[in-house]
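As a plain string of letters, each chain reads:
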Amino acid sequence: MRTRRAVILGLGGVAGALAFTLGLGAWRSRGTAPATDPRLPLPIAEMDFTLTDQCGATVRPSDWIGRPTMIFFGFTFCPDVCPTTLSDISGWLEDLGPEADRLNVTLISVDPERDTPAVLSDYLANFDPRITGLTGPLAEVERAAAGLRASFEKVPRDGDYTVNHTAGVFLFHPDGRFASIIDYHEDRRFAVPKIRRTLS
Amino acid sequence: MRTPILAALLSLVGLPAMACETFTIGNLMIEHAWSRATIGAERPGVLYVEITNTGSADDALVGIATPVAEMPMLHETVVTDGVASMPHAMSVPVPAGQTVALAPGGYHGMLMGLTTTLKEGEGFPVTLTFRDAGEVTVPVEVLSMQAEGPDCEHAGQ
């Protein structure tokens, strides 16, 4: 008796959840059907580029779907902004603890000329091991930046060069929808809850 | 030839928690001079320091020099429309009665042309030149690449 009632309740629950999911899906697809704001990053599913991580593995944005994703730009010759951002992110990941293991955390190099996978590997060894670094042909980095509505520019400097680049950290939900941006050097009291919202 | 001299210089100032010492020149108090470890010597290093002007006249930091870098210069990180750039700063104002920090994300010394790898736990001297107060040489503590500043309270200073 009790078993049958549990089965009926269970089935009812499943049917209800299914109806809710379908309804939500319909509502969502209607909501996102119009062109998204051109100033906002594309959903990850609509991004298209191929880069290489610090271990030499090929990475495409479609690999990120299913987990929340954090993306930011930088380069290893950058003395101030990039170590600060990496240090901030390492601190946020530490605050989040094992919960943050589910995140894709990705640095995309805006200086692929100097940042080979081996260089990125050396550099990232100084920060939280959950941070991945990507590099590759300039054209692919440009495609990545275009998808994120980010920009970078090589600037000659004293016989050398530096790279100006978008300094914020982009957050995406597990299904690839854009969630929010953490501004450069934003206080962790604001940054950590933003990340947590993509984890729930 | 240069390396032994440099090593001697580094060891001279290689005392722990030196970033927590205070140095004065005229009405200026210099504290928390630190840098981040570098990978090799080909990437630029960074210099951060705090300057408090206890006097009644404005001054300005107009230059930095150090044996560990051939081309040290003052920069400021500026984020405009979300894009970070690093223009040269001709000088860093040190107004009367105020503390100015060369700190992550703002003004910083950019140490280009490093003559040595900056290693965590080591130190190097830097000479700060002020428009009015003149020159002062202070030790800089090299912290980890992940550091956000020296932890002076816990160092018991």
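Note that the structure is a prediction, hence the values are computed from the model and not measured.

Thresholds applied
Residues numbered from 1 in each chain as written. Chains lettered and ligands numbered in written order. Predicted model: local features only at pLDDT ≥ 70, side-chain atom pairs only at ≥ 80, totals over all residues. Heavy atoms only, no water. Helix = DSSP H or I, 4+ residues; strand = E, 2+ residues; numbered from the N terminus. Contact = heavy atoms within 4.5 Å. Buried < 20%, exposed > 50% of the residue type's maximum accessible area, 1.4 Å probe, protein only. Areas by Shrake-Rupley, 256 points an atom, 1.4 Å probe, with all protein chains shown as cover. Buried area = accessible area lost by both parts, 1.4 Å probe. Salt bridge = Lys/Arg side-chain N within 4 Å of Asp/Glu carboxyl O. Polar contact = N/O pair within 3.5 Å; in protein donor to acceptor, adjacent residues only side chain to side chain. Nonpolar A, V, L, I, M, F, W, Y, C, P; charged D, E, K, R; others polar. Pairing = 2+ DSSP bridges. Axes fitted to C-alpha atoms, helices over the stretch in contact; angles between N-to-C directions. pLDDT = per-residue confidence, 0-100. 1 Å grid on protein atoms, 1.4 Å probe; cavity = no way out; pocket = protein on both sides within 12 Å on 5 of 7 lines; lining within 4 Å. Points joined across faces, edges and corners; volume = space filled by probe spheres on them.

Give a detailed account of the overall build of chain A, specifying residues and quantitative values.
Tallying secondary structure elements over chain A gives five helices and nine strands in all. Walking chain A from its N terminus toward its C terminus, one meets helices and strands in the order α-β-β-β-α-β-α-β-α-β-β-β-β-α. Partitioning the intrachain contacts of chain A with sequence separation of at least 6 by distance along the chain shows that 71% fall at a separation of at least 24.

How would you sum up the overall build of chain B? Please name residues and give values.
On a plain count of helices and strands, chain B comes out with one helix and twelve strands. Starting at the N terminus, the α and β elements of chain B follow one another as α-β-β-β-β-β-β-β-β-β-β-β-β. Counting over 157 residues, chain B shows a buried share of 47%. In chain B, of all internal contacts separated by at least 6 residues, the share reaching a separation of at least 24 is 68%. As displayed, chain B has an accessible area near 7000 Å², and 54% of this comes from carbon and sulfur atoms.

Describe in detail the interface of chain A and chain B, supporting the description with residues and values.
Listed as interface residues are 28 residues of chain A and, on the opposing side, 31 residues of chain B. Buried surface at the junction of chain A and chain B, both sides included, amounts to about 2300 Å², of which 56% is carbon and sulfur. Inspection of the chain A/chain B interface yields zero salt bridges. There are 14 residue pairs in polar contact (both at pLDDT 80 or more) connecting chain A and chain B. Here the side of chain A that touches chain B gets six residues from one element, more than from any other, and that element is helix H2 (residues 81–96) of chain A. Of the residues contributing to the side of chain A that touches chain B, the split by class is nine nonpolar, twelve polar and seven charged. Across two bridges, strand S7 (residues 160–166) of chain A lies against strand S7 (residues 83–85) of chain B in antiparallel orientation.

Give a description of the pattern of salt bridges that names residues and reports values.
In the structure shown here, the tally under the stated rule is 14 salt bridges over all chains. Each of Asp48(A), Glu140(A) and Arg143(A) takes part in one network of salt bridges that share partners.

Lay out the sheet that holds strand S9 (residues 178–182) of chain A with the relevant residues and their values.
Residue and element names in this part refer to chain A. Across the sheet, which stays open at both edges, the seven strands sit in the order S2-S1-S5-S4-S3-S8-S9 with mixed pairing between neighbours. Strand pairing shows two members of the sheet lacking a second neighbour, strand S2 (58–59) and S9, which therefore form its edges. In this sheet, strand S5 (residues 131–135) lies alongside strand S4 (residues 104–109) in parallel orientation, the contact comprising four bridges. Counterpart to Thr106 in the pairing with S5 is Thr132. Lying over the sheet, H2 contacts strand S3 (69–74), S4, S5, strand S8 (169–172) and S9, oriented at roughly 160° with respect to S3.

Before we move on, can you summarise the confidence of the model for chain B with the specific residues and values?
Here chain B averages 89 in pLDDT, while 86% of its residues score no lower than 70. Segment residues 11–15 of chain B: pLDDT under 50, and six contacts once partners within four positions in sequence are set aside and those in other chains are kept.

Run through the environment of Leu143(B), naming residues and quoting values.
All names here are of chain B. In this structure, Leu143 sits in strand S12 (residues 134–143). Here the alpha-carbon distance between Leu143 and Lys119, two residues 24 residues apart in the chain, equals 7.8 Å. Excluding residues that lie within four positions of it along the chain, Leu143 makes contacts with Trp34, Ser35, Arg36, Ala37, Glu120, Gly149 and Pro150.

With reference to specific residues and values, describe the layout of surface pockets.
Over the atoms a probe the size of a water molecule is rolled, and this reveals where empty space is left. Considered as a void within the structure, the second largest pocket measures approximately 190 Å³ in volume. Around the second largest pocket sit 16 residues that line it, and Thr166(A), Phe170(A), Ile181(A), Asp81(B) and Gly82(B) are the ones nearest its centre. Broken down by class, the residue content of the lining of the second largest pocket amounts to eight nonpolar, four polar and four charged.

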